[in-house]
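The residues making up each chain are set out below.
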Amino acid sequence: MTSFTTPTISGAWKHMYNPNHSKFTQRFYWINRNRWYTNDHTLVKTSDGIWHGYGIIGFRIFKQAFAWIIEQNLFHISSPTLYSDSWIEHDYVLTAKRSQGEKFLWAPHAIKVEDKLYMFYSVGNIRPFAKVVASHGNIHLVTSKDGITWIRDERNPQFSGPGHARDTMLLQINGEYYIYYTQTVDDKDKHSCIAVRRSKDLKQWSGPKIVQTQPWKRWHWAGNAESPFVVQKGEIFYLFTCLAQESYNRTAVYWSHDPEYFPLSNHVCDLPTHASEILFEGKEGWFITNTGWDKKGLFIAPLTWE
């Protein structure tokens, strides 16, 4: 019988970043300050030991965000430690460039390889009607030496996928890179699913393989398999995914011995979070983040495995 552990939120939530208090959002003085939010994000440590956070920032016009219009920038914060309530805010690290095929900036994920940072993010699709009908979503890449200045890769887009492919997450397994992301099964099948591609150099990627398909389908957006995040503990892999279309603040966790297949029957638990990242810091331990349209920014809490 397989013995897996259960991730548990084990401490108080700390407020890492409140965009409503940002000096940059105050430029838009005509917008109600309580309407700003953050969403999918990434946290990565640079060679100088500083943690950097990047992610979606926008504001709600009505109940939801109309994100393709608003989410044009990635916020940037930094701190020497993860579990801190004194993160420093910086100016936006990236702004969408429509001339380079970027309709908006969504869901970055960054990893450090030697002395260089690689960050993949979603840019949508500039085809007509892609604003209201989900189409193939493009994934772009930027690189950086210091976490502050980023250079767009000349090969962008790196790849694309149906259902506004987005929410990338990278994991290195046995010397090979796996990039997980959200999409629909294909252009006709609207079931939300998570796909993975593989690469040895972060440049040339394999074709997609679906690692999990959710039974609930609606629209074209793959909204019931968002923000995938995979963690390896020993010989077991854990997939965290947000079932946002079914329940906005529900992150389901699944286990598997195979990083390319997570059966729905291998359900471990649900966590009351949205767009979570799972992080390990040698001195501080495990952590989980939480954010979304219904919250005022980005939060972090300790995580234990029971």
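Quick note: structure is the one above.
As a starting point, this report considers the structure included with it. Since this is a predicted model, take the numbers as computed values, not measurements.

Before going further, it helps to spend a moment on the overall build of the chain. Assigned secondary structure in the chain consists of one helix and 22 strands. Relative to its length of 306 residues, the chain is compact, with a C-alpha radius of gyration of 18 Å against a globular reference of 19 Å. Taken along its principal axes, the extent of the C-alpha atoms in the chain is 60 × 45 × 40 Å. Counting every position in the chain, which comprises 306 residues, the buried fraction comes to 58%. Intrachain contacts of the chain at a sequence separation of at least 6 include 53% that bridge at least 24 residues. Surface summary for the chain: the accessible area is close to 13500 Å², and the carbon and sulfur share equals 52%.

Next up on the list: the pairing of strand β17 (residues 236-242). Counting buried positions along β17 gives seven out of seven residues, so the element sits mostly inside the fold. Covered by surrounding structure in β17 are Ile-236, Tyr-238, Phe-240 and Cys-242 together with Phe-237, Leu-239 and Thr-241, the residues of both alternating faces. Alignment of strand β16 (residues 226-233) against β17, held across six bridges, turns out to be antiparallel. Paired with Gln-232 across the bridge in β17 is Phe-237. Here β16 folds back onto β17 in antiparallel fashion, the turn holding two residues, of which Gly-234 has a positive phi close to 65°. In terms of strand pairing, β17 meets strand β18 (residues 251-256) through six bridges, oriented antiparallel. For Tyr-238, the partnering residue across the bridge sits in β18 and is Trp-255.

Considering all chains together, one arrives at 10 salt bridges under this definition. Taking the shortest distance from any N to any O, the salt bridge between Glu-226 and Arg-166 comes out at 2.8 Å. Of this pair, Glu-226 sits in strand β16 while Arg-166 sits in strand β12 (residues 166-173); the two residues are 60 residues apart in sequence, bridging distant segments of the chain. Accessibility assignment for this pair places Glu-226 and Arg-166 in one class, buried. Salt-bridge contacts for Glu-246 lead to Arg-250; the nearest nitrogen and oxygen are separated by 3.4 Å. Owing to a relative accessible area of 24%, Arg-250 belongs among the partly exposed residues under this scheme. Several salt bridges share partner residues, and in doing so they unite Glu-176, Arg-198 and Glu-260 into one network.

Here the second largest pocket defines a volume of roughly 580 Å³. Lining the second largest pocket we find 23 residues, and of these His-109, Ile-111, Leu-170, Leu-171 and Phe-229 sit closest to its centre. For the lining of the second largest pocket, the secondary structure elements donating two or more residues are β3 (36-45), β7 (106-113), β12, β16 and β20 (278-281). At five residues, the largest contribution of residues to the lining of the second largest pocket is made by β7. Its residues placed into classes, the lining of the second largest pocket shows 17 nonpolar, three polar and three charged.

Calculation rules
- Residues numbered from 1 in each chain as written.
- Predicted model: local features only at pLDDT ≥ 70, side-chain atom pairs only at ≥ 80, totals over all residues.
- Heavy atoms only, no water.
- Helix = DSSP H or I, 4+ residues; strand = E, 2+ residues; numbered from the N terminus.
- Rg over C-alpha atoms; globule rule 2.2 N^0.38 Å.
- Buried < 20%, exposed > 50% of the residue type's maximum accessible area, 1.4 Å probe, protein only.
- Contact = heavy atoms within 4.5 Å.
- Areas by Shrake-Rupley, 256 points an atom, 1.4 Å probe, with all protein chains shown as cover.
- Pairing = 2+ DSSP bridges.
- Salt bridge = Lys/Arg side-chain N within 4 Å of Asp/Glu carboxyl O.
- 1 Å grid on protein atoms, 1.4 Å probe; cavity = no way out; pocket = protein on both sides within 12 Å on 5 of 7 lines; lining within 4 Å.
- Points joined across faces, edges and corners; volume = space filled by probe spheres on them.
- Nonpolar A, V, L, I, M, F, W, Y, C, P; charged D, E, K, R; others polar.

This is a description of form; function is not addressed.
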